[in-house]
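Chain by chain, the residues:
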Amino acid sequence: MALRNILKEGDETLTKHCRPVTDFNERLHLLLDDMAETMNDAEGVGLAAPQVGVLRRAVVVLETNVAEGEEPYVIELVNPRLIATEGEQEGPEGCLSVPGVYGWVKRPAYAKVRAQDRNGEYFEVEGHGLTARAFCHEIAHLEGQLFLEVSDHIMSEEELEAYYKVADLFLCMSEHEGFGIPILEAMSRGIPVVAYAATAVPYTMGGAGILVRTKDEASVSRKMARVLCDSNYREKIIAGQL
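Every value quoted in this text rests on a predicted model; they were computed, and no experiment measured them. (Residues numbered from 1 in each chain as written. Predicted model: local features only at pLDDT ≥ 70, side-chain atom pairs only at ≥ 80, totals over all residues. Heavy atoms only, no water.)

1. Here we look at the confidence of the model for the protein
- Residue-level pLDDT values for the protein average 77, and 67% of them are 70 or greater.
- pLDDT under 50 marks residues 192-231. Its contacts with residues more than four places away, or in other chains, come to 72 contacts.
- Taken together, the stretch residues 233-242 has pLDDT below 50 and engages in 20 contacts with residues farther than four places along the chain or on a different chain. (pLDDT = per-residue confidence, 0-100. Contact = heavy atoms within 4.5 Å.)

Below you can see the structure in the form of structure tokens.
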């Protein structure tokens, strides 16, 4: 295995339509191995073949929705095709080919993909939250599309800082009563949440914390809903008017 150079925005390769993989041989296996190593080295969650200069329909995605104590693992998708999507999630999205730039992007909260493995066998795989976002993002690369083309707007440094500042102030509760996780993690999974203000929260590895309820839960929940759904309200946050 070896690290490959990740092409950056402006390289024409990133705008071209990729051809299907027809030969499931050692050359393909090496490409997939190198892509996984390159993605992990760059601390990404997905990488498409055109990003390393190969115009073939192959991507790797890091599955991060794993049980506590388990390690994230790489999903290899050859000739992938989205066959089902549900729901909606929105939030900051970046790309290893556009370093340092984040856009506000809407994606399905759930995605199902049909693809072939490295040996040509067909299979189907489902993704939720961040994994669903990565599926859609990487498959779009195979059509020559960058996330910039589907972004509502490019986020400024101030906007990103405000976004994560707000996220750090709130924890959410999923449908599993009493299970508290950071609001960003819940959003990435597409989990409908009820938010609460958090004051003294002991964080553990991975950012998970203890759910802290306030006396004015309903008010806080309404405020968080506005933060997530109302772009005008987000602008007030950015302006320091929260």
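2. With respect to the nonpolar core
- Judged by nonpolar contacts, the single largest core of 17 residues is most densely connected at Leu-77, Val-113, Val-125 and Phe-135.
- When residues of this core are traced back to their parent elements, those giving at least two are β2 (58-63), β3 (73-86), β6 (110-116) and α2 (130-141).
- It is α2 that contributes the most residues to this core, 5 residues altogether.
- Once residues lying within four places of it in the same chain are set aside, the contact partners of Val-113 are Leu-77, Pro-80, Arg-81, Leu-82, Ile-83, Phe-123, Glu-124, Val-125, Phe-135 and Ile-139.
- Counting residues in hydrophobic clusters, the runner-up holds 14 residues, among them Ile-6, Val-52, Leu-62 and Val-78. (Core = buried A, V, L, I, M, F, W, Y, C linked by side-chain atoms within 4.5 Å. Buried < 20%, exposed > 50% of the residue type's maximum accessible area, 1.4 Å probe, protein only. Helix = DSSP H or I, 4+ residues; strand = E, 2+ residues; numbered from the N terminus.)

3. Here's the deal with the sheet that holds strand β4 (residues 89-95)
- Read across the sheet, 3 strands follow the order β4-β5-β8 without closing on themselves; strand pairing throughout is antiparallel. Of all strands in the sheet, those bounded by a partner on one side alone are β4 and β8 (153-154).
- Here 2 bridges tie strand β5 (residues 98-107) to β8, and the two strands are oriented antiparallel to one another. Each bridged residue has a counterpart across the sheet, and for Trp-104 the counterpart in β8 is His-153.
- Packing of α2 onto the sheet brings it into contact with β4 and β5, and relative to β4 it is tilted by some 50°. (Pairing = 2+ DSSP bridges. Axes fitted to C-alpha atoms, helices over the stretch in contact; angles between N-to-C directions.)

4. Here's the deal with the sheet that holds β6
- Strands sit in the order β1-β2-β3-β6-β7 across an open sheet of 5 strands; the sheet is antiparallel. At either margin of the open sheet sits one strand with a lone partner, and together these are β1 (46-48) and β7 (122-128). Neighbour-to-neighbour, the strand axes of the sheet open up by a mean angle of 40°, direction not taken into account.
- As defined by bridge partners, β6 adjoins β7 across 7 bridges and the pair is classed as antiparallel. In the strand pairing of β7, Tyr-110 is matched with His-128.

5. What to know about helix α1 (residues 26-41)
- Helix length check: α1 (16 residues) gives 22 Å between terminal C-alpha atoms against 22 Å at 1.5 Å per residue, within 8%.
- Residues Leu-28, His-29, Leu-31, Leu-32, Asp-34, Met-35, Ala-36, Thr-38 and Met-39 constitute the buried set of α1.
- Summarising the contacts, the buried residues of α1 are in contact with β1, β2 and β3.
- Its side-chain oxygen at 3.2 Å from the backbone nitrogen of Arg-27, Asn-25 defines the N-terminal cap of α1. (Expected span 1.5 Å × (residues − 1). Polar contact = N/O pair within 3.5 Å; in protein donor to acceptor, adjacent residues only side chain to side chain.)

6. Section: the environment of Gln-145
- Structurally, the position occupied by Gln-145 is in the loop between α2 and β8.
- For Gln-145, a relative accessible area of 25% corresponds to the partly exposed category.
- In this structure, the C-alpha to C-alpha distance between Gln-145 and Leu-14, residues 131 residues apart in sequence, is 7.3 Å.
- In this structure, Gln-145 is in contact with Leu-14, Ala-140 and Val-150, ignoring residues within four places of it in sequence.

7. Side note on unusual backbone geometry
- One non-glycine residue with positive phi stands out, namely Glu-43, at about 60°.
- Tracing the sequence through the fold places Glu-43 in the loop between α1 and β1.
- Its identity as a non-glycine residue notwithstanding, Asn-79 has a phi of 50°, on the positive side.
- Of note, Asn-79 is situated in strand β3.
- Taking relative accessible area as the criterion, Asn-79 reaches 17% and is therefore assigned buried.

8. A look at the pattern of salt bridges
- Using the criterion set out here, one finds 8 salt bridges in the structure.
- With its nearest N and O atoms 2.8 Å apart, the salt bridge here joins Glu-93 to Arg-107. In this pair, Glu-93 sits in strand β4 while Arg-107 sits in strand β5, placing the two residues 14 residues apart along the sequence. For the pair Glu-93 and Arg-107, one class covers both residues: buried.
- Look at the salt bridges and you will find they share partners, linking Asp-33, Glu-76 and Arg-118 into a network. (Salt bridge = Lys/Arg side-chain N within 4 Å of Asp/Glu carboxyl O.)

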